[in-house]
Amino acid sequence: MSPHTTSTPRSLDAVRPDRTHWLELPPHRTSVRVARHATQARLASWRIPDEACANAVLLVSELVTNAVLHTLSERILCGVARMRNDRFRLEVHDGDLTGRGIPDRRPGPDDEHGRGLLLVREIADCWGITRSPLTGGNAVWASLATVL
């Protein structure tokens, strides 16, 4: 499966379709780069300030990496939506049907991995995890202000 835009933004349906962008990705490490570039391009087209855009790209990178490395997904959906009140929302949906959710990791000072969600917690204004109505797996979302 190759990455492509999908026209089913059901989870971000509170906004108009012209303010929502979805990308369907295969569960490969190269999808992280594709998601970063697509998010960067979309936010730039919406004239999101550079610092907010950089934070969003970092969050998408972490969320897609988690979906690729830690789930048995056949596909990953990556969405970005421009919301009201100078905010935007990122979502990554995986296909993990185990129902186990996202593990709460507490990496030690010498650990090289396991800090992705810690970054999400620090950078996002708010974030969360729910079951995805689109894939049946996890839907991890983060909300950010367009102006920091």
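Residues numbered from 1 in each chain as written. Predicted model: local features only at pLDDT ≥ 70, side-chain atom pairs only at ≥ 80, totals over all residues. Heavy atoms only, no water.

- Labelled according to an unreviewed UniProt entry, the chain appears under the name ATP-binding protein, originating from Streptomyces venetus.

1. Observations concerning the pairing of strand β5 (residues 126-131)
Then comes step 1: In this sheet, strand β6 (residues 138-145) lies alongside β5 in antiparallel orientation, the contact comprising six bridges. Bridged to Ile129 within β6 is Val140.
Then comes step 2: Connecting β5 to the next strand, β6, in antiparallel fashion are six residues, including Gly136 with a positive phi near 85 degrees. (Pairing = 2+ DSSP bridges. Helix = DSSP H or I, 4+ residues; strand = E, 2+ residues; numbered from the N terminus.)

2. Details of the nonpolar core
Then comes step 1: Ranked by size, the top nonpolar core spans 30 residues in total, and within it Leu43, Leu59, Val64, Cys78, Phe88 and Leu90 carry the most contacts.
Then comes step 2: Elements represented by at least two residues in this core include exactly β2 (20-25), α1 (30-45), α2 (50-70), β3 (76-83), β4 (87-93), α3 (116-123) and β6.
Then comes step 3: Sorting elements by how many residues they give to this core places α2 first, with ten residues.
Then comes step 4: With residues near it in sequence (within four places) discarded, Leu43 still touches Ile48, Cys53, Ala56, Val80 and Phe88. (Core = buried A, V, L, I, M, F, W, Y, C linked by side-chain atoms within 4.5 Å. Buried < 20%, exposed > 50% of the residue type's maximum accessible area, 1.4 Å probe, protein only. Contact = heavy atoms within 4.5 Å.)

3. Overview of the environment of Phe88
Then comes step 1: By the element assignment, Phe88 lies in strand β4.
Then comes step 2: Counting along the chain gives 54 residues from Phe88 to Ala142, while the straight-line C-alpha distance between them is 8.6 Å.

4. Remarks on α2
Helical periodicity: at 3.6 residues per turn, an α-helix aligns residues three or four positions apart in one direction.
Then comes step 1: In this model, α2 (21 residues) spans 30 Å end to end at C-alpha, consistent with the 30 Å of a helix rising 1.5 Å per residue.
Then comes step 2: Within α2 the residues assigned to the buried category are Ala52, Cys53, Ala56, Val57, Leu59, Val60, Ser61, Glu62, Leu63, Val64, Ala67 and Val68. (Expected span 1.5 Å × (residues − 1).)

5. Topic: the pattern of salt bridges
Then comes step 1: Counted under the stated rule, the structure contains three salt bridges.
Then comes step 2: Residue Asp125 pairs with Arg87 through a salt bridge whose shortest N-O separation is 2.7 Å. Here Asp125 is found in the loop between α3 and β5, whereas its partner Arg87 is found in strand β4, with 38 residues between them in sequence.
Then comes step 3: Under the relative-accessibility criterion, Arg87 is labelled partly exposed at 24%.
Then comes step 4: Between Glu91 and Arg89 there is a salt bridge, with its nearest N and O atoms 2.8 Å apart.
Then comes step 5: Since its relative accessible area comes to 2%, Glu91 is described here as buried.
Then comes step 6: A relative accessible area of 22% means that Arg89 is categorised as partly exposed. (Salt bridge = Lys/Arg side-chain N within 4 Å of Asp/Glu carboxyl O.)

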